[in-house]
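# Fold and contact review
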Amino acid sequence: VSSVPPRPTLLPTDCAEVLPGHTDMAALLGKPNGSVGVRTVVGQPSVSVAQLERLTCNYQPPGGPASGLVLTLTAFTDPPSAAAQRDRNVAAERDARASSPAALGAARATLLTEPDRRLLLVSYDRYTLSLGIAPGVVADDQVEQVLTDLAQRVLPGLPPSPNQH
């Protein structure tokens, strides 16, 4: 039995619903409460890759870049489709200076270091989660911890596949 509140979609339809309990993104980024702006973009399905839904949240810290933290959630028809898309996304990041697996429970996660951002690419069940953070949003030595913490907060809010309990 899932503890996810019932909704007619697999993904939240607004970024305000992505973090449980109305968690303030500013607090997670070590910024003053309520200071991080957010823009929600609801994507379209993509039949060619079995993508059903997509939600992108663009968080802008005060005085920071327009894309300080970008969180993208995508729902697929099944876990193999999500895993294949994650693998394609990792392979497509050719500008990465470094790539390493990230510990994230049962999820498959890769942390990439690129010239203009750090990127955590995750697949779990029928979902992918991408978290990209610009330099300076949080201290360099805290980036991996912040990104994995966010992923651990977001993933439990997604309903499991019908055959997963």
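All values derive from a computational prediction rather than experimental measurement.

Attention now goes to the nonpolar core. If you look at the biggest cluster of nonpolar residues, it comprises 39 residues, and the most contacted ones within it are Met25, Leu71, Leu120 and Leu129. Broken down by secondary-structure element, the contributors of at least two residues to this core are α1 (25-28), β2 (51-60), β3 (69-76), β5 (108-114), β6 (117-124), β7 (127-133) and α3 (143-154). Of all the elements, α3 adds the most residues to this core, at six residues. What Met25 contacts, discounting residues up to four positions off in sequence, is Leu19, Val36, Tyr59, Leu69 and Leu150.

Before going further, it helps to spend a moment on the sheet that holds β7. In sheet architecture, strand pairing relies on hydrogen bonds along the backbone and comes in two forms, parallel and antiparallel. With antiparallel pairing, seven strands are arranged side by side in an open sheet as β1-β2-β3-β7-β6-β5-β4. Two strands bound the open sheet, and with one partner strand each, they are β1 (37-42) and β4 (98-101). Averaged over all pairs of adjacent strands, the angle between their axes in this sheet comes to 15 degrees, without regard to strand direction. Where β4 and β5 come together, four bridges link them in antiparallel fashion.

The next subject is helix α2 (residues 79-92). Taking 1.5 Å per residue as the helical rise, α2 with its 14 residues ought to reach 20 Å, and the 20 Å between its terminal C-alpha atoms agrees with that figure. Every buried residue belonging to α2 is among Ser81, Ala82, Gln85 and Arg86, and all of these are buried. Take α2 and look down its axis: the buried residues cluster within an arc of 135 degrees, on one side only.

A few words now on the pattern of salt bridges. Tallied over the entire structure, the rule returns five salt bridges. In this structure, Asp87 engages Arg108 in a salt bridge whose closest nitrogen and oxygen atoms are separated by 3.0 Å. Within this pair, whereas Asp87 is found in helix α2, its partner Arg108 is found in strand β5, the two being separated by 21 residues in sequence. On the basis of relative accessibility, which here comes to 36%, the residue Asp87 falls in the partly exposed class. Overlapping salt bridges, with partners in common, bring together Arg86, Asp87 and Arg108 in one network.

Looking at the secondary structure, you find Asn58 in strand β2. Exposure remark for Asn58: the relative accessible area of 11% places this residue in the buried category. Once residues within four sequence positions are removed from consideration, Asn58 is found in contact with Gly37, Val38, Arg39, Ala66, Ser67, Gly68, Leu69 and Val70.

A few words on the confidence of the model for the chain. Fine structural detail should not be taken from predicted coordinates in areas where pLDDT scores are low. Averaged over the chain, the pLDDT score is 89; the fraction of residues at 70 or greater is 95%. Across the chain, the secondary-structure element scoring lowest on mean pLDDT is β4, at 87, and the one scoring highest is β7, at 97.

On to the pairing of β2. Across the 10 residues of β2, seven count as buried, placing the element largely inside the fold. Relative to β2, β1 runs antiparallel, the two sharing six bridges. Bridging from a neighbouring strand, Arg39 pairs with Asn58 of β2. Relative to β3, β2 runs antiparallel, the two sharing eight bridges. In the strand pairing of β3, Asn58 is matched with Val70.

Moving on to α3. The end-to-end C-alpha distance of α3, which contains 12 residues, comes to 17 Å, matching closely the 16 Å that a straight helix rising 1.5 Å per residue would cover. Taken as a whole, α3 has its buried residues at Val143, Val146, Leu147, Thr148, Leu150, Ala151 and Val154. On the buried face of α3, the contacting elements are α1, β3, β5, β6 and β7.

Calculation rules
Residues numbered from 1 in each chain as written. Predicted model: local features only at pLDDT ≥ 70, side-chain atom pairs only at ≥ 80, totals over all residues. Heavy atoms only, no water. Core = buried A, V, L, I, M, F, W, Y, C linked by side-chain atoms within 4.5 Å. Buried < 20%, exposed > 50% of the residue type's maximum accessible area, 1.4 Å probe, protein only. Helix = DSSP H or I, 4+ residues; strand = E, 2+ residues; numbered from the N terminus. Contact = heavy atoms within 4.5 Å. Pairing = 2+ DSSP bridges. Axes fitted to C-alpha atoms, helices over the stretch in contact; angles between N-to-C directions. Expected span 1.5 Å × (residues − 1). Arc of directions from axis to C-beta. Salt bridge = Lys/Arg side-chain N within 4 Å of Asp/Glu carboxyl O. pLDDT = per-residue confidence, 0-100.

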